[in-house]
Amino acid sequence: MVDSIFFAPVAALMIGARIQALGLLVHDATHRVAFKTKWLNEFLGETLVAWPLFIVIEKGYRTWHFEHHRHLGTDHDPELDSYRSDSPYDKPVTWRRVWRYFVTDLLGLGLYDLFKFLKAIFPYKQPWRILGPLGMYAAFFALTFWLDALWVFYLWIWSIVAGFWAVFRIRTWTEHVGIEPRGKETSHRFSPGWDTHSPGWLGKFLFFPHNTFCHYEHHKFPQVPYYNLPALRKVEESRPVTPLGDLFPAT
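Throughout, residues of each chain are indexed from 1 in the direction in which the sequence is written. Where totals are concerned, whole chains, interfaces and linings use all residues; where local detail is concerned, this predicted model gives features only for residues with pLDDT of at least 70, and gives and counts side-chain atom pairs only at 80 or more. For side-chain calculations, the full set of non-hydrogen atoms in the structure is used, while hydrogens and water are omitted.

J.: Please set out the pattern of salt bridges residue by residue, giving values where relevant.
T.: What counts as a salt bridge is simple: a side-chain nitrogen of Lys or Arg found within 4 Å of a carboxyl oxygen of Asp or Glu. Throughout the structure, instances matching the rule amount to 16 salt bridges. With a shortest N-O distance of 2.9 Å, R62 and E42 are connected by a salt bridge. In this pair, R62 is assigned in helix α3 (residues 57-70) and E42 in helix α2 (residues 38-50), connecting sequence segments 20 residues apart. Summary of the burial criterion: residues with accessible area below 20% of their type's maximum are buried, those above 50% are exposed, and those between are partly exposed, where the area comes from a 1.4 Å probe applied to protein chains only. Residue class for R62 comes out buried when judged on its relative accessible area of 5%. With a shortest N-O distance of 2.6 Å, D105 and R169 are connected by a salt bridge. Of this pair, D105 sits in helix α4 (residues 95-106) while R169 sits in helix α7 (residues 150-173); the two residues are 64 residues apart in sequence, bridging distant segments of the chain. Taking relative accessible area as the criterion, D105 reaches 1% and is therefore assigned buried. Helical segments are the DSSP runs of H or I of at least four residues, strand segments are the runs of E of at least two, and each set is numbered from the N terminus.

Written out as structure tokens, the structure is:
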């Protein structure tokens, strides 16, 4: 272990990238395709996948996310009323702008937008459900305190605030931001590499785990689980695939 605060941003980025990968499993559990057995999907998706991210699926994220699918790209899209409602997204999208926010998010300056996101997906109709994540975090804190390892608890929190939100925002830029409304096709269709022939392994690790770069296909066929999306892309050719580097102008 490197005992230096200067390595905290690197650690937060690496852990945050894995937290986002966990969050994408929350997404599949939300669509009820993480497990074939319904009760496993609901129970394990909620307790072992969503709660560590301080998310409640039932009556919370699921309600919000299904409204996003139903009203994609319209004035009723709940994304547009939550974390995409202010300055990071209300101006022309350029790569300079995207990377500037990536750096500031790594410093923890995206906390307000993270709070808006968590507020949007709160289970308002059944607020008692938030007791699940609260109890898990209380147990996590107590355990690390008892083991004299509170730094683990604080690093996890910091990795959500800084690392997770930094990579999450990059991913959201590449999903729907800057594209004209097209109904279910209001998504960028792109390759995770800088060109269509690049494997883009680093981009997949940091920003697009679990084939989340197939977001266009997901919105057209939301009941297809993430592991089948690349196969779907090979047979669904209604729009060409754009290299990641071509999504936005450089400046």
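There is more to say, and it comes next.
J.: Please give an account of a nonpolar patch on the surface that cites residues and values.
T.: Candidates for patches are residues over 30% relative accessible area with no salt bridge; among them, like charges are joined within 9 Å and nonpolar side chains (Val, Leu, Ile, Met, Phe, Trp, Tyr) within 5 Å. The protein chains shown are the only cover counted for residues, whose accessible areas, like all others here, come from Shrake-Rupley with a 1.4 Å probe. A surface patch of nonpolar side chains, amounting to about 610 Å² of accessible area, comprises F7, V10, M14, W201, L202 and F205. The element best represented in the nonpolar patch is helix α8 (residues 201-206), accounting for 3 residues. Relative to the helices and strands, W201 resides in helix α8.

J.: Describe the nonpolar core, listing the residues and the values that go with them.
T.: Core analysis: the largest hydrophobic core is formed by 47 residues, its most contacted members being V26, F102, F117 and W173. Every element with two or more residues in this core is listed here: α1 (8-30), α2, α3, α4, α5 (111-120), α7 and α10 (229-235). It is α7 that provides the largest number of residues to this core, a total of 11 residues. For V26, the contacting residues outside a window of four places in its chain are V49, A50, L53, I55, I57 and Y61. Note on terminology: a nonpolar core comprises buried Ala, Val, Leu, Ile, Met, Phe, Trp, Tyr and Cys residues joined through side-chain atoms within 4.5 Å. In what follows, a contact means two residues having at least one pair of non-hydrogen atoms within 4.5 Å.

J.: So what's going on with α2? Residues and values would help.
T.: A residue's bend is the angle separating two fitted axes: one through the seven residues that end there, the other through the seven that start there. L44 marks where α2 bends most, by close to 30°. Inspection of α2 places N41, G45, E46, T47, V49 and A50 among the buried residues, and these make up the whole buried set.

J.: Can you explain empty space enclosed by the protein? Please cite residues and give values.
T.: Cavity and pocket criteria rest on a 1 Å grid covering protein atoms alone: a 1.4 Å probe that fits but cannot get out defines a cavity, protein on both sides within 12 Å along at least 5 of 7 lines defines an open pocket, and an atom within 4 Å of a point defines a lining residue. Grid points are joined across faces, edges and corners, and a volume is the space filled by probe spheres set on the points. Overall, the coordinates contain 2 cavities of 30 Å³ or more when judged by the stated rule. Taken as a whole, the largest cavity holds about 400 Å³ of empty space. For the largest cavity, the lining is made up of 34 residues, of which L24, H27, Y61, R171 and E175 are closest to its centre. Counting residues per element, the ones that place at least two in the lining of the largest cavity are α1, α3, α7 and α9 (215-220). If you tally residues by element for the lining of the largest cavity, the top one is α1, at 6 residues. Under the grouping applied here, Gly and all other residues not named as nonpolar or charged are polar, the nonpolar ones being Ala, Val, Leu, Ile, Met, Phe, Trp, Tyr, Cys and Pro and the charged ones Asp, Glu, Lys and Arg. Grouping the constituent residues of the lining of the largest cavity by class yields 18 nonpolar, 12 polar and 4 charged. Along its surface, the second largest cavity is lined by I19, L53, I55, L114, F117, L118, I160 and F164. Elements represented by at least two residues in the lining of the second largest cavity include exactly α5 and α7. With 3 residues, α5 is the single largest residue contributor to the lining of the second largest cavity.

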